[in-house]
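Descriptive structure summary
One-letter residues, chain by chain:
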Amino acid sequence: MLKVESFWKLIKAPDRLERTMALLEIQYNRALYNRRPLAPEVSSYSDYLGSQDGACLREYAEESLEIWERLREHFEDQKEKFCGVLPFPTIFNADSTLARLGYLLTRMLSPRVVVESGVGYGMLSAHILSAIERNNVGELRSLDLPPLSDPKGSFIGFCVAEELRAKWVLTLGGSRRHLFKCVGGCTVDLFISDSANVFSLQRFEFLTILPALRSGGVMLFNNVSARFVEFLQGVETVSYQLIFQEEKKGVVTALIFKH
């Protein structure tokens, strides 16, 4: 339930209808589709990289760890500028598994267009943009509906360094309203979802991106439910791998490949 202060912020927000619908969608999914996938169908991050299927990513594994450590340090430095007080929880940041997978996939695919839903403080965005910088090709199109504690999105992506922003387009707003426009008729090479992390929205994002995703393109979905996995099983044009996150115990990432 919303606290009184949050309720009044919602009422005063100019995009209150979009926010209200998003909150209702989250509550609906938590009530019906909250069950997570379980082992043995889920691999650990290290086991996947060590497998034959993960061999294509291993080339950049050490590099991704260096980037993760550097960006974590940068985030802490940025945080100190505000005396450690930020408007929304740092749990909104991607954990090392999701962030490094985003980096690895961007390095491997050398994508021209990466689309990302959900930004938060921008840890995942910074990893993708760092890989784009190394590749010297591509752009990142991100969208995020800021939390009520930061309604103008002043802190969205705040840990993305200025030198990485030239290849970044950030749209403030939710997937249901902006994702189709964000794609803009382009062919997408890589899509990464870290928005509300609920089944119905993830299904919407998947179905919106799939026609635009090139053959051989990849989607990465954070914190998927067992219901989302059941949905994927009925899609003939994709295969997938489920990976446990290392820091957020029990959280599962879905790595999806379009044939």
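Our subject is the structure listed above.
The sections below set out a description of the structure shown in this document. In this text, all values refer to a predicted model and were calculated from it rather than measured experimentally.

Let's shift gears to the state of the cysteines. Every disulfide links exactly two cysteines, by a covalent bond between their sulfur atoms. Considering all chains together, one arrives at zero disulfides under this definition. Left unpaired, Cys159 is separated from the closest cysteine sulfur, that of Cys83, by 18 Å. The class for Cys159 is buried, based on a relative accessible area of 2%. Free cysteine Cys186: the closest other cysteine sulfur is in Cys182, separated by 9.6 Å.

Further remarks concern the sheet that holds strand E1 (residues 42-44). Across the sheet, eight strands lie side by side as E1-E7-E8-E6-E5-E2-E3-E4; this open sheet has mixed pairing. The open sheet is flanked by E1 and strand E4 (168-172), the only strands paired with a single partner. Each strand of the sheet is rotated relative to its neighbour by a mean of 20°, with strand direction disregarded. As paired elements, strand E7 (residues 238-244) and strand E8 (residues 252-258) share seven bridges and run antiparallel to each other. Across the sheet, residue Tyr240 finds its bridge partner in E8, namely Ile256. Relative to strand E6 (residues 213-221), helix H6 (residues 96-109) is tilted by about 165°, and along the sheet it contacts strand E5 (188-193), E6, E7 and E8. Contacting strand E2 (113-117), E5, E6, E7 and E8, helix H9 (residues 199-209) runs over the sheet at an angle of about 165° to E6.

Quick look at the pairing of E8 now. Along E8, six of the seven residues are buried, which leaves the element largely enclosed by surrounding structure. The pairing of E6 with E8 spans four bridges and is antiparallel. The partner of Phe221 across the bridge, within E8, is Ala254.

Here the focus is helix H7 (residues 123-135). Since the α-helix turns once every 3.6 residues, residues separated by three or four places project in the same direction. If you check H7, its first and last C-alpha atoms are 19 Å apart, about what 13 residues at 1.5 Å a residue would give, namely 18 Å. Among the 13 residues that make up H7, 11 are buried, leaving the element largely enclosed by the rest of the structure. Among all positions of H7, only Met123, Leu124, Ser125, Ala126, His127, Ile128, Leu129, Ser130, Ala131, Ile132 and Asn135 are buried. In the core, the buried residues of H7 are packed alongside helix H5 (61-80), H6, E2, strand E3 (139-144), E4 and E5. Positive backbone phi, at 60°, marks Asn136, one or two positions downstream of H7.

This part takes up a nonpolar patch on the surface. Together, Leu17, Met21 and Leu24 give the surface a local cluster of nonpolar side chains, amounting to about 340 Å² of exposed area. Of note, Leu17 is situated in helix H2 (residues 16-32). Judged by its relative accessible area of 63%, Leu17 is exposed.

About the cut-offs
- Residues numbered from 1 in each chain as written.
- Predicted model: local features only at pLDDT ≥ 70, side-chain atom pairs only at ≥ 80, totals over all residues.
- Heavy atoms only, no water.
- Disulfide = S-S within 2.5 Å.
- Buried < 20%, exposed > 50% of the residue type's maximum accessible area, 1.4 Å probe, protein only.
- Pairing = 2+ DSSP bridges.
- Helix = DSSP H or I, 4+ residues; strand = E, 2+ residues; numbered from the N terminus.
- Axes fitted to C-alpha atoms, helices over the stretch in contact; angles between N-to-C directions.
- Contact = heavy atoms within 4.5 Å.
- Expected span 1.5 Å × (residues − 1).
- Patch = residues over 30% accessible without salt bridge, like charges linked within 9 Å, V, L, I, M, F, W, Y side chains within 5 Å.
- Areas by Shrake-Rupley, 256 points an atom, 1.4 Å probe, with all protein chains shown as cover.
- Salt bridge = Lys/Arg side-chain N within 4 Å of Asp/Glu carboxyl O.

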